[in-house]
Amino acid sequence: MGKIANDILLQKLTDKFAGQVVETGADFGLLTVETNKEVITDVLTFLKTDAALQFIFLTDLTAVHYPDQEKQIGVVYHLHSLTTNTRIRIKVFLTLEDCHIPTASTIWDGANWMERETYDFFGVIFDGHPDLRRILNVDDMTVFPMRKEFPLEDPNRIDKKDYFFGR
Amino acid sequence: MQNHPVYTDNDPQTEYSTLNLGPTHPATHGVFQNVLQMDGERIVSGVSTIGYIHRAFEKIAEHRPFYQITPLTDRLNYCSSPINNMGWHMTVEKMLNIQMPKRVDYMRVIIMELARIADHIICNGVLGVDTGAFTGFLYMMEYREEIYEIYEEICGSRLTTNIGRIGGFERNFNKIAFDKIRKFLVKFPPVLREFEALFNRNRIFVDRTKGVAAVTQADALSYSWSGPILRATGVDYDVRAMEPYSSYEDFDFEVPVGENGDVYNRFLVRNEEMWQSMRIIEQALNKIEKEPSDIFHADVPAFYLPPKEEVYNNMEALIYHFKIVMGEVDTPNAEVYHAVEGANGELGFYLINDGGRSPYRLHFRRPSFINYQMYAPMSRGMLLSDAIINMSSLNVIAGELDA
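Residues numbered from 1 in each chain as written. Chains lettered and ligands numbered in written order. Predicted model: local features only at pLDDT ≥ 70, side-chain atom pairs only at ≥ 80, totals over all residues.

Topic: the overall build of chain B
For clarity, the cut-off: In DSSP terms, a helix is any run of H or I states spanning at least four residues, a strand is any run of E spanning at least two, and both are numbered starting from the N terminus. The reference for a compact globule is 2.2 Å times residues^0.38; the radius of gyration itself is calculated from the C-alpha atoms. Every C-beta atom is placed from the backbone, and the number of other C-beta atoms within 10 Å of a residue's own sets its class: buried at 20 or more, exposed at 12 or fewer, partly exposed in between. Once C-beta atoms have been placed from the backbone, residue pairs whose C-beta atoms lie within 7 Å are recorded as contacts.
Counting secondary structure elements, chain B contains 17 helices and six strands. Over its C-alpha trace chain B gives a radius of gyration of 22 Å, about what one expects of a compact globule, namely 22 Å for 403 residues. Dimensions of chain B, computed from C-alpha atoms along their principal axes, come out at roughly 80 × 45 × 30 Å. Going through the 403 residues of chain B one by one, you find that 50% of them count as buried. For chain B, the proportion of contacts with a sequence separation of at least 24, taken over those separated by at least 6, is 71%.

Next up, the structure:
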């Protein structure tokens, strides 16, 4: 089977989840859709089990922090359909106050550590996750270091400030 | 998942001993800790603790210009740094829509395949050590050294290579480098053949590895395995073949697969991949001869650092040098996912750029991290000694595990 065209893929998704799945772009041919946390489990399950799609491979699961948006945390899934060699990217945006999303580890075993990593760095809480602990950072850490407000270096240091470089 | 019996809480024996395997046990080849519940020699359950060498690369990358991120990628899988370097360059080039000249693609293919061989030499050599055969490891190690000498000729360093630049290579391969590559292609096959003769039908080795830690295709896919260990289960997923990058579509090679995903199959798949890599390198050398010999980078002055002589003597070069180093070059707003076939599996770079001098967000899809997560569950019911060789055959590299 050849690659599934993006418009066909999007059509299938919008037929099934009318209004809940919105295309947000296709940079470099990789279809990106946005959905919400109410239907994310259904979307992932549909993509995995549909006979024509078969996105059986969870390539990657991570998050992004956009402090200027109302919904600051974006959880990003990359799926791969090995039989058709098609990839898709799915995003769900969450607010900091309600940073909960259903776990994908019930669909893929491999999501377990990826979700722990995402929790560790962004504080996204995956509801239903069997063992949601920090994974790379120390257990008693109190912050979520990949969030944008977390400084990389000593904030009092001024020799690297952008205004010295005309930026 | 296992052929071995799995012990449950209903077992008559209720007391188990706890064994801390790692973080620095010599048998684990890296900083991995597994707290195991043991029933004699059998593992009842295990918990993996990782993160001992976490260096926050993703955070650091958000504060560095693109070309300064290459040295960070070196330190992911440090057994095959060039693949990581090339993967990163290609990600940025994809974002910037830079087309590489064919010759650069072929040069990259050569260096990536050499890195793959170097990585597989270590993995299969160490697997031999763990089953009690030191000879193969020492014998093969010499040829990893030869590969490192090739790196040294090309970029000056050996382990963490920082090889190539965004837009090509920092300098052309010299004649010595080509000679060394050709010499390697002549010297290594007999050695690999002998290595295979030593192991493939060796009764002790086969008894120790066959049927050990066998993984079904369904489990491997569910755990998002990729690379040689996924192919050992019979799934022919190889990024080089499925989504060719760096002109891999021009090459004629096979994707070796195994049958039942046990340690023995993984060993065979890696050995066969070394043969295929040599085939690819040989084809690449022949193809390079047909390309103009002075091209080693694309014509993208806004992103490719000019040579120092030009910076000192030429106005444009000086301007570009300044702009690149200070991060003054505009980059597009883009979201890129680019994957390369690393020695351990699909090494992905998920890059979100907001037009600034450094990525807005960079995530590494690290195969070792994802492959390793099945280790504790699959060790249940396994003998401790089998769990050790299972770890060797997964080829988990601590740098890539923890990023």
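A word on the sheet that holds strand E2 (residues 33-39) of chain B
Residue and element names in this part refer to chain B. Formally: Two strands pair if DSSP finds at least two bridges between them. To get an axis, a line is fitted to the C-alpha atoms, and for a helix only the part in contact is used. The angle between two axes follows their N-to-C directions and goes from 0 to 180 degrees.
Strand order in the open sheet formed by three strands is E1-E2-E3, with antiparallel pairing between adjacent strands. With one partner strand each, in any of the chains shown, strand E1 (17-21) and strand E3 (42-49) form the two edges of the open sheet. Between one strand and the next, the sheet's axes are offset by a mean angle of 25°, whatever the strand orientation. Pairing geometry for E2 and E3, over seven bridges, is antiparallel. Within E3, the position partnered with leucine 36 by the bridge is glycine 46.

What about the environment of Val76(A)?
All names here are of chain A. Tracing the backbone through its elements, the reader meets valine 76 in strand E4 (residues 73-81). What makes valine 76 buried here is the crowd of 21 C-beta atoms within 10 Å. In this structure the C-alpha to C-alpha distance between valine 76 and phenylalanine 46, which are 30 residues apart in sequence, comes to 17 Å. If near-sequence neighbours (up to four positions away) are discounted, valine 76 is found in contact with Thr62, Ala63, Val64, Arg89 and Lys91.

Brief notes about the UniProt feature "domain: NADH-quinone oxidoreductase subunit D" (unreviewed entry) in chain B
The criterion, for reference: UniProt positions are given in the numbering used here, feature names are shortened, and annotations may be inferred rather than shown by experiment.
Per the UniProt annotation, the sites labelled "domain: NADH-quinone oxidoreductase subunit D" (unreviewed entry) are residues 130-402 of chain B. Note that residues 130-402 of chain B is 52% helix and 9% strand, and that its end C-alpha atoms are spaced 24 Å apart.

Concerning the sheet that holds strand E5 (residues 345-354) of chain B
Residues and elements named next belong to chain B. Taken in spatial order, the three strands line up as E4-E5-E6 in an open sheet, and their pairing is antiparallel. Across the chains shown, the open sheet's two edge strands, defined by having one partner strand only, are strand E4 (333-342) and strand E6 (361-365). Along the sheet, successive strands turn relative to each other by an average axial angle of 10°, direction set aside. Both E5 and E6 contribute to a ladder of five bridges, which runs antiparallel. Along E6, the bridge assignment pairs phenylalanine 349 with phenylalanine 364. Across the sheet, helix H3 (residues 81-96) is in contact with E4 and E5; its angle to E4 comes to roughly 150°.

Remarks on the packing of helix H4 (residues 102-130) of chain B against helix H16 (residues 384-394) of chain B
Residue and element names in this part refer to chain B. How we decide: If an angle is under 35 degrees, it is roughly parallel; if it is over 145, roughly antiparallel; if it lies from 65 to 115, roughly perpendicular; otherwise it is oblique.
Two elements in contact, H4 and H16, have axes whose closest approach is 8 Å; the angle formed by their N-to-C orientations is 170°. Classified by the interaxial angle, the pair formed by H4 and H16 is roughly antiparallel. Listed contacts from H16 to Val126, Leu127 and Asp130 of H4 are Ile388, Ile389, Ser392 and Ser393.

Details of the pairing of E4(B)
Side chains on a regular strand alternate between the two faces of the sheet. All names here are of chain B. Extensive coverage of E4 is indicated by the burial of eight of its 10 residues. The pairing of E4 with E5 spans 10 bridges and is classified as antiparallel. Residue pairing in the sheet places alanine 339 in a bridge with glycine 348 of E5.

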